[in-house]
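Structure at a glance
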Amino acid sequence: MALTCSKCDAPAIYFRRYTSEALCKTCLIRTTQRRVRLTINKRKMFRETDRIGVAISGGKDSAVLLQILHDIEADFPRATLHPFTIDEGIQGYRDKALEAARSLVNSLDLSLHVVSFKQLFGHTLDSIVHNRGETRRGACSYCGVLRRHAINEAAKELGVDVVATGHNLDDEAQTVLMNILRGDAMRIVRTNRPRELSVDGFIPRVKPLMELSERDIVAYAHFLDLPFHDIPCPYASDAYRNDVRAFLGQMEYKRPGTLLATLHSGDAIAASLSEQIAPGLQNTCARCGSPTTGRICKVCQILEEIDGR
Ligand code: SF4
Ligand SMILES: [Zn+2]
Ligand SMILES: [Zn+2]
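Residues numbered from 1 in each chain as written. Chains lettered and ligands numbered in written order. Predicted model: local features only at pLDDT ≥ 70, side-chain atom pairs only at ≥ 80, totals over all residues. Heavy atoms only, no water.

**Considering the overall build of the chain**
Regarding its fold elements, the chain presents 12 helices and nine strands. Computed over the C-alpha atoms, the radius of gyration of the chain is 20 Å, within 12% of the 19 Å expected from 2.2 N^0.38 for a compact globule of 309 residues. If one aligns the C-alpha atoms of the chain with their principal axes, the spans along those axes are about 65 × 40 × 40 Å. Buried residues in the chain amount to 46% of all 309 residues. Pairs at least 24 apart in sequence give 72% of the contacts found in the chain among residues at least 6 apart. The chain carries 41 positive and 37 negative side-chain charges, and their two centres are separated by 3 Å. (Helix = DSSP H or I, 4+ residues; strand = E, 2+ residues; numbered from the N terminus. Rg over C-alpha atoms; globule rule 2.2 N^0.38 Å. Buried < 20%, exposed > 50% of the residue type's maximum accessible area, 1.4 Å probe, protein only. Contact = heavy atoms within 4.5 Å. Lys, Arg positive; Asp, Glu negative; His and termini not counted. Charge placed at Lys NZ, Arg CZ, Asp CG, Glu CD.)

**A closer look at unusual backbone geometry**
Its identity as a non-glycine residue notwithstanding, Ser20 has a phi of 55°, on the positive side. With respect to the helices and strands, Ser20 occurs in the loop between strand E1 (14-16) and strand E2 (21-23). The class of Ser20 is exposed, set by a relative accessible area of 54%. Residue Lys44 is not a glycine yet carries a positive backbone phi of 45°. As for its placement among the helices and strands, Lys44 is situated in the loop between helix H1 (25-42) and strand E3 (51-55). Residue class for Lys44 comes out exposed when judged on its relative accessible area of 62%.

**Here's the deal with the nonpolar core**
Formed by 41 residues in total, the largest nonpolar core has its most connected members in Val36, Val54, Val64, Leu66, Leu69, Leu209 and Leu226. A per-element tally of this core places helix H2 (residues 60-73) first, with seven residues. Beyond its immediate stretch of four places on either side in the chain, Val54 contacts Leu65, Leu66, Leu69, Leu81, His82, Pro83, Phe84 and Ala164. Formed by 30 residues, the second largest nonpolar core is a distinct cluster that contains Phe84, Ile90, Tyr93 and Ile128. (Core = buried A, V, L, I, M, F, W, Y, C linked by side-chain atoms within 4.5 Å.)

**Thoughts on the packing of aromatic side chains**
Taken as a whole, this structure holds one aromatic pair when the rule is applied. Taking the centre distance of 5.4 Å and the plane angle of 75° together, the rings of Phe117 and Phe121 count as edge-to-face. Highlighted residues: Phe117 and Phe121, both in helix H4 (residues 117-121), separated by four residues, approximately one helical turn. With respect to burial, Phe117 and Phe121 carry one shared label: buried. Here Arg148 stacks its cationic end above the ring of Phe202, 4.6 Å away from the centre of that ring. (Phe/Tyr/Trp six-rings, centres within 6.5 Å; stacked < 30°, edge-to-face > 60°. Lys NZ or Arg CZ within 6 Å of the ring centre and 35° of its normal.)

**Digging into the coordination of the zinc ion (ligand 2)**
Ligation of the zinc ion (ligand 2) by protein atoms is provided by Cys5 (SG), Cys8 (SG), Cys24 (SG) and Cys27 (SG), these donors lying 2.3 Å from the ion. If you list the donors of the zinc ion (ligand 2) from N- to C-terminus, the spacing comes out as C-x2-C-x15-C-x2-C. In this pair, Cys5 is assigned in the segment before E1 and Cys27 in helix H1, connecting sequence segments 22 residues apart. Assigned by exposure class, Cys5 and Cys27 land together as buried. (Donors = N, O, S within 2.8 Å, 3.2 Å for Na, K, Ca; no water.)

**A look at the coordination of the zinc ion (ligand 3)**
Tetrahedral coordination by four donors puts the ideal angle at the metal at 109.5 degrees, and octahedral coordination by six puts it at 90 or 180 degrees. Within the first shell, the zinc ion (ligand 3) binds the protein through Cys285 (SG), Cys288 (SG), Cys297 (SG) and Cys300 (SG), at distances of 2.3 to 2.4 Å. Every donor residue of the zinc ion (ligand 3) comes from the same chain, spaced as C-x2-C-x8-C-x2-C. On the criterion of sequence distance, the pair formed by Cys288 in the loop between strand E8 (283-284) and strand E9 (291-292) and Cys300 in helix H12 (residues 298-307) is long-range, its members being 12 residues apart. Exposure remark for Cys288: the relative accessible area of 40% places this residue in the partly exposed category.

**A look at the domain arrangement of the chain**
Structurally, the chain comprises domain 1 (34-277) and domain 2 (284-309). Between the C-alpha centres of domain 1 and domain 2 the distance comes to 24 Å. Taken together, the 15 residues of domain 1 in the interface contact 10 residues of domain 2. Taking both sides of the interface into account, the surface hidden between domain 1 and domain 2 amounts to around 1000 Å²; carbon and sulfur atoms contribute 70%. (Domains from an automatic or database assignment. Buried area = accessible area lost by both parts, 1.4 Å probe.)

**Section: the site of ligand 1**
The local shell around ligand 1 consists of Leu125, Cys140, Cys143, Arg147, Cys233, Tyr235 and Ala236. It is helix H6 (residues 139-158) that provides the largest number of residues to the shell around ligand 1, a total of three residues. In terms of residue class, the shell around ligand 1 is built from six nonpolar, no polar and one charged. (Near = heavy atom within 4 Å. Nonpolar A, V, L, I, M, F, W, Y, C, P; charged D, E, K, R; others polar.)

What follows is the structure, encoded as structure tokens:
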């Protein structure tokens with residue numbers, strides 16, 4: 001017999017495992033948006049007059065993020081949304097994702113700001129990987145550092161108060177567990193700073209989808225027919241994260257709620273260790289003036305490595 005929706009009597013089309021709710025399309029969309037609103041309020045992510053930068057990759061997470069923020073923003077007319085994309089220069093991947101990002105942004109009557117590695121650093125990620133020489137560092141280790149800097153530059157160009165990214169519950173739970181398994185609990189604190197404790201020189205970042213599972217996000221994007229690009233990055237090879245993802249995926253399947261419990265453990269660790277990270281520990285990079293914990297920031301180290309700057 002077909003299931004009926006737990007919220008109304010319409011036929012259910014989706015079962016949200018961690019809340020044990022069978023949902024019709026209307027209630028799936030309504031309750032998903034409600035979850036995001038609750039996360040935003042509970043974690044005090046936005047203020048009513050914010051200029052909000054929205055980091056759009058062209059993938060499903062950021063498509064859902066922008067669509068939901070656009071909906072919520074209708075209730076807060078003094079806040080504005082400013083979507084942007086970082087183009088790392090990955091042929092056959094980011095160029096395709098950019099098409100999906102443009103299509104979504106246009107459909108919401110917004111405009112897309114694009115910042116490229118080529119503009120900022122003089123190199124595409126493809127050329128960095130091609131010319132990386134003997135170090136043979138993984139592509140993601142260059143990409144992660146450079147993209148973090150690029151997001152901050154894009155945010156400054158747009159003059160936004162805060163940047164929202166599309167990290168979902170699965171991403172966040174994996175990151176918490178990876179940091180615990182590596183013995184790096186302080187990293188949980190550094191990557192979970194509440195908005196008001198952001199480091200000088202960095203525009204604060206928030207993750208409104210952090211309590212929404214990837215499965216919910218896929219269902220939401222599917223039922224609203226949002227344009228997104230679903231091909232994995234050709235350089236994606238984080239074996240450690242893949243192992244943790246597989247483990248947490250199994251646990252969530254057997255014991256729904258494991259991902260949320262892991263996220264909440266990360267919150268508790270961040271809260272109890274936060275005083276050990278004094279803001280005064282920050283230096284400024286001797287080359288570019290960006291905040292850093294060492295003498296030279298990681299971006300300048302990479303640029304030095306790849307072209308001797
Ligand atoms: S998978 Fe690695 S190289 Fe590809 S976009 Fe992500 S961080 Fe960059
Ligand atoms: Zn319903
Ligand atoms: Zn620097």
